[in-house]
Amino acid sequence: MRRLLAGIYGFAFFNKFLLLTPVYAIFMQQNGLNDLQLSTMFIISALGTILCQAPITFITNRLGQRWSMMIGQMLKAFAIVLWLVMPNYTGFVIGMFAWGAQTGFRSVAFEGLVYDAVASYGKKRDYSRILGRKSTYESIGVALSAFGSLLMFMGYAWVTWASVVAILISMICLLILPYMPIKSSKNIVAMPMRKLFRSGLSICLKTPCLMSVMMLALLVINIPFLDDFLSPIGLQVGIPTEYVGIVPLVLLGCATIGQRFAYKFTNMSEILLYSLIGVVGVAFISFGMSYDVASLWVMGIAYMLFYGIYTLLYSRFQHMIPSRHRSVVLSFYTTLNYLLYMVVCGIVGLGSTLGSWRFSIIILGILMLAVCAWALLYVRCRCSARN
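Residues numbered from 1 in each chain as written. Predicted model: local features only at pLDDT ≥ 70, side-chain atom pairs only at ≥ 80, totals over all residues. Heavy atoms only, no water.

**Student:** Outline the overall build of the chain, supporting the account with residue identities and numerical values.
**Tutor:** The secondary structure content of the chain amounts to 16 helices and zero strands. Here the C-alpha atoms of the chain give a radius of gyration of 20 Å, agreeing with the 21 Å that 2.2 N^0.38 yields for 387 residues. Once the C-alpha set of the chain is aligned to its principal axes, its extents read approximately 50 × 45 × 40 Å. When each of the 387 residues of the chain is scored for burial, the buried share is 56%. Only carbon and sulfur atoms are counted for the fraction: they give 68% of the accessible area of the chain, which is about 15600 Å². Counting 28 positive and 10 negative side-chain charges, the chain places the centres of these two groups 16 Å from one another. (Helix = DSSP H or I, 4+ residues; strand = E, 2+ residues; numbered from the N terminus. Rg over C-alpha atoms; globule rule 2.2 N^0.38 Å. Buried < 20%, exposed > 50% of the residue type's maximum accessible area, 1.4 Å probe, protein only. Areas by Shrake-Rupley, 256 points an atom, 1.4 Å probe, with all protein chains shown as cover. Lys, Arg positive; Asp, Glu negative; His and termini not counted. Charge placed at Lys NZ, Arg CZ, Asp CG, Glu CD.)

Encoded structure:
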């Protein structure tokens, strides 16, 4: 079990510990991308995740979760090196698509491996705690990546190659994981994307509460998810480029706290849990109205809450999935996740056309209030009826 957790936590950290994280969006804008084009980059990444779901699920079932993740890490390394040697719109598009495919491998293979491995050791009851710690290591990795902006005086090439080294270390962490047998037969054939989507939908619809909790988790993690825009937002509120990494450092540090201690609130009542979603919405609106460095603490509270809420919701969702359908349901989940992410990126991009990212943040806050009302009035009643 210790070896398993060391591999899981090590991969979670080094997969996210990329020093280029706080500067690659700025690098893209310095090479000709405007705010709306930058938003389209994240949409393209989401498309890579969605369009590759069918082959990702096939490869995962055929090769196993560990080797599927190895392929994904190679794609990520290819993407960031491509930006260095081809810093134009075409290079950015190809790289973001490849990175999106890597995200699909992580969502299907890695998340499935974590749950299956924990369950195989008879530790299902500890899954929320392990999930929270895994997410904590991911957030720590992202937060420490914020120092990449301080190292820009050494050049973008330096932070790129340092990030490639981190990816290689993450692959070593995968190799130390205990062997997990492939549950599927060698006769598996690739499932068309449409059939894969329909299969996942069919499985979820058989359990209405599963579908509701899944959609709620997706909305909670996607609507307030501004991680990819934090550096440009930091520039707008007046932080110099060399210190812009402070914004993701502070906010993702708060997210780490929310994830780390979420498991302590596993038995929180649904009314309180869903009401906190509304608090996140209010915090976003408040920050958008003031929109200055002094009000970043409000966003810190919002990040702590919505990352913690998502950890609890995702844990409940995983517990509801039939084990034999986990890869299909997680693939379906990932597809919906990035469809919603594309919509949110579009909203953020359109909001920025009004003159500032602040308008996008206010719109997202209003949407979170709507999600809070839906959860309290619909999801709570539906799951209570099931129980």
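Don't stop here, the text continues.
**Student:** Talk me through empty space enclosed by the protein; I want residue IDs and the actual numbers.
**Tutor:** Evaluated as defined, the whole model comprises two cavities of 30 Å³ or more. In this structure, the largest cavity spans a volume of roughly 1100 Å³. For the largest cavity, the lining is made up of 43 residues, of which K16, R106, F225, D227 and Y338 are closest to its centre. Among the residues forming the lining of the largest cavity, the class breakdown is 22 nonpolar, 13 polar and eight charged. The calculated volume of the second largest cavity comes to roughly 30 Å³. Lining of the second largest cavity is provided by L226, L230, I233, V247, L251, F287, L296 and M299. When residues of the lining of the second largest cavity are traced back to their parent elements, those giving at least two are α11 (230-236), α12 (246-260) and α14 (296-320). Of the residues belonging to the lining of the second largest cavity, the class tally is eight nonpolar, no polar and no charged. (1 Å grid on protein atoms, 1.4 Å probe; cavity = no way out; pocket = protein on both sides within 12 Å on 5 of 7 lines; lining within 4 Å. Points joined across faces, edges and corners; volume = space filled by probe spheres on them. Nonpolar A, V, L, I, M, F, W, Y, C, P; charged D, E, K, R; others polar.)

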